[in-house]
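Letter by letter, the chains look like this.
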Amino acid sequence: MLWNFRPQTRAFRYVGHKDVVTSVQFSPLGNLLASASRDRTVRLWIPDKRGKSSEFKAHTAPVRSVDFSADGQFLATASEDKSIKIWNMYRQRFLYSLYRHTHWVRCAKFSPDGRLIVSCSEDKTIKIWDTTSKQCVSNFTDSVGFANFVDFNPNGTCIASAGSDHTVKIWDIRVNKLLQHYQVHSCGVNCVSFHPSGNYLITASSDATLKILDLLEGRLIYTLQGHTGPVFTVSFSKGGELFSSGGADAQVLLWRTNFDELNCKDVIKRNLKRLHIDSPPHLLDIHPRIPHSHEEKIETVEINPKLEVMDLQTPTPPVVDVLSFDSTTTTETIVRTLPHKGEEMDRYFLNPSLMSSECSPTTLKKKAEDMSDLPSESQRSIPLAVTDALEHIMEQLNVLTQTVSILEQRLTLTEDKLKDCLENQQKLCNAIQQKS
């Protein structure tokens, strides 16, 4: 669901997935919305009143995460079929797969420059991939638990992992070294988010708390208690002034930060002026440099906003359902609940700067009037048996498509291995001839 709070609270519910939605993300420009689901599909939505969507089918198991590259040209998806797939957003087509994990892949993220991808899996490994060579270039292994979530810091030199073993770890990918090891939660950590300055990290855990870590000083500074159940996700806003969290208690809490009053550039300059014994500095000269677990009790500030948080829910919030028909290409949608007469449709959601000529307010109003004349579900003449048969045929076609895709990938791998074998054999023959 997408929420708009101006001029009044209103929600837009996009209907298309057939199972639980596991991940959503806006593109950098905000003109596209990607969603992953346990129905093994990825959908790309145009976030407007019409809600057109494209359905991507290549995974053979539930999809766990989606992530846009910084330029918005590519999309990375991670799945329980042990693969990461990369998609081209301009052509809206599948590009290639990354195979090296031996268990479900829980998350995959692009680096800020788009040259690398980091992924974590239930095989207890974190892998770094080169998008140019499409090869795994680094591998981090944990013998205790697996990572639920992983992400790059803003300058792309470090990664943070959220562990099922209650830990948060910071790794320097330039030297493949564990920099910091925090053990501040009593349950598994589900998500982390870097502040845009890179100086702070916020974590979300199944122990119903959020923790804010000062990465420069290497310590826990805030414990936030607002949720009444496991917290599954947390994310800073683009400027870092706000962050939001969501959990199993069906609440989304919006928080305001107060711990980074200095300008980000000033902080970076101040840290670069320090005297360094060893170079290059790790994460803006983190102290201490050795791994530390923070097992001892540290003085932190606990915040429980339960009695201070404003409840923005209304008894009967207006919800607009946007239905999408099943298709592997861009599909038309029907808006079941239309705005009141005289209301401007773009006022509630659309960013006018992103609207095309066909999505102007007058055009949208005209299309809304046309859509009100569409037949209702009870007036449609298509028999239910025919609809079920068509859905069954579509599912079978999807299975065939996925099978062909897997066979093509395996054939490509076999060809590459055969080519390597032939090259090695040629080198061996040349070596024997030189010796003789």
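Preceding block: the structure.
Okay, so let's go over this structure. Predicted model, so just to flag it, every value in this text is computed and none were measured.

1. What about the overall build of the protein chain?
At step 1: Within the protein chain, the regular secondary structure consists of four helices and 28 strands.
At step 2: Here the protein chain, with 436 residues, has 46% of them falling under the buried criterion.
At step 3: For the protein chain, the share of sequence-separated contacts (at least 6 apart) that also reach a separation of at least 24 residues comes to 46%.
At step 4: Counting only carbon and sulfur atoms, one obtains 54% of the accessible surface of the protein chain, whose full area is about 24200 Å².

2. Considerations on the pairing of strand 10 (residues 93–99)
Moving residue by residue along a regular strand, the side chains alternate between the two faces of the sheet.
At step 1: Taken together, the six bridges between strand 9 (residues 83–88) and strand 10 define a ladder with antiparallel strand orientation. Among the inter-strand pairings, S83 is bridged to a residue of strand 10, identified as Y99.
At step 2: The antiparallel pairing of strand 9 with strand 10 creates a hairpin that spans four residues between the two strands, and Q92 there sits at a positive phi of about 55°.

3. A few points about the nonpolar core
At step 1: Grouped together as the largest cluster of nonpolar side chains are 43 residues, with contacts concentrated most on I126, I159, L201 and F243.
At step 2: Beyond its immediate sequence surroundings of up to four residues, I126 is in contact with V118, S119, C120, S138, N139, F140, A147, V150, I159, S161 and W171.
At step 3: In terms of nonpolar packing, the next biggest core, distinct from the first, is built from 13 residues, L32, A34, V42 and L75 among them.

4. Description of the side chain of H185
At step 1: Structurally, the position occupied by H185 is in the loop between strand 18 (177–182) and strand 19 (189–194).
At step 2: When its relative accessible area of 7% is taken as the criterion, H185 is described as buried.
At step 3: A polar contact of 2.7 Å, which involves the side chain of H185, links it to the side chain of T203.
At step 4: A polar side-chain atom of H185 sits 3.0 Å from a polar atom in the side chain of D207.
At step 5: Among all residues touching H185, those that are not within four sequence positions of it are H166, T203, S205, D207, T209 and K211.

5. Observations concerning the pattern of salt bridges
At step 1: Applying the stated criterion to the full structure yields nine salt bridges.
At step 2: Across the pair R43 and E55 runs a salt bridge, and its minimum N-O distance is 3.2 Å. Placement of the pair is R43 in strand 5 (residues 42–45) and E55 in strand 6 (residues 53–56), with a sequence separation of twelve residues. Grouping residues by exposure puts R43 and E55 together as buried.
At step 3: Linking D172 and R174 is a salt bridge whose minimum nitrogen-to-oxygen distance equals 2.9 Å.

6. A few points about the state of the cysteines
At step 1: By the definition in use, this model includes zero disulfides.
At step 2: The thiol sulfur of C191 is not disulfide-bonded, and the nearest other cysteine sulfur, from C107, lies at 8.0 Å.
At step 3: In this structure C191 comes out as buried when scored by relative accessible area, which is 4%.

7. A word on the sheet that holds strand 11 (residues 105–110)
At step 1: In spatial order, the strands read 11-12-13-14; together these four strands make up an open sheet with antiparallel pairing. Two strands in the sheet have a free side with no partner beyond their single neighbour: strand 11 and strand 14 (135–141). For this sheet, the mean inter-axis angle between neighbouring strands, taken without regard to orientation, is 20°.

8. Concerning the sheet that holds strand 15 (residues 147–152)
At step 1: With respect to topology, four strands assemble into an open sheet ordered 15-16-17-18, the strand pairing being antiparallel. In this open sheet, the two edge strands, each paired with only one partner strand, are strand 15 and strand 18. Along the sheet, successive strands turn relative to each other by an average axial angle of 20°, direction set aside.
At step 2: Where strand 15 and strand 16 (residues 158–163) come together, five bridges link them in antiparallel fashion. Residue pairing in the sheet places V150 in a bridge with S161 of strand 16.

9. As for a nonpolar patch on the surface
At step 1: A grouping of V386, L390, I393, M394, L397 and L400 is seen on the molecular surface, where their side chains present a nonpolar patch of about 530 Å² in accessible area.
At step 2: Its place among the elements puts L390 in helix 4 (residues 384–435).

10. Things to note about unusual backbone geometry
At step 1: The phi dihedral of K124 falls on the positive side, at around 70°, and the residue is not glycine.
At step 2: Positive phi, normally seen in glycine, also occurs at N176, with a value near 50°.
At step 3: Within the secondary structure, N176 is located in the loop between strand 17 (168–172) and strand 18.

11. Describing the environment of G51
At step 1: Here G51 is to be found in the loop between strand 5 and strand 6.
At step 2: With 38 residues separating them along the chain, G51 and R13 place their C-alpha atoms 9.5 Å apart.

12. Digging into the packing of aromatic side chains
At step 1: Taken as a whole, this structure holds six aromatic pairs when the rule is applied.
At step 2: Between F56 and W87, the ring centres sit 4.8 Å apart and the planes meet at 15°, which makes this aromatic pair stacked. With F56 in strand 6 and W87 in strand 9, this pair connects stretches of sequence that are 31 residues apart.
At step 3: Given a relative accessible area of 3%, W87 falls into the buried group.
At step 4: Residues F236 and F243 carry aromatic rings whose centres are separated by 5.5 Å and whose planes lie at 65° to one another, so their mutual orientation is edge-to-face. Each member of the pair, F236 as well as F243, carries the same accessibility label: buried.
At step 5: Taken together, F56, W87 and F94 form an aromatic cluster joined through their ring pairs.
At step 6: Across the ring face of Y96, the terminal group of K134 is positioned such that the distance to the ring centre comes to 4.8 Å.

Definitions and cut-offs
- Residues numbered from 1 in each chain as written.
- Predicted model: local features only at pLDDT ≥ 70, side-chain atom pairs only at ≥ 80, totals over all residues.
- Heavy atoms only, no water.
- Helix = DSSP H or I, 4+ residues; strand = E, 2+ residues; numbered from the N terminus.
- Buried < 20%, exposed > 50% of the residue type's maximum accessible area, 1.4 Å probe, protein only.
- Contact = heavy atoms within 4.5 Å.
- Areas by Shrake-Rupley, 256 points an atom, 1.4 Å probe, with all protein chains shown as cover.
- Pairing = 2+ DSSP bridges.
- Core = buried A, V, L, I, M, F, W, Y, C linked by side-chain atoms within 4.5 Å.
- Polar contact = N/O pair within 3.5 Å; in protein donor to acceptor, adjacent residues only side chain to side chain.
- Salt bridge = Lys/Arg side-chain N within 4 Å of Asp/Glu carboxyl O.
- Disulfide = S-S within 2.5 Å.
- Axes fitted to C-alpha atoms, helices over the stretch in contact; angles between N-to-C directions.
- Patch = residues over 30% accessible without salt bridge, like charges linked within 9 Å, V, L, I, M, F, W, Y side chains within 5 Å.
- Phe/Tyr/Trp six-rings, centres within 6.5 Å; stacked < 30°, edge-to-face > 60°.
- Lys NZ or Arg CZ within 6 Å of the ring centre and 35° of its normal.

In short, the description is geometric, and any link to function would need to be established separately.
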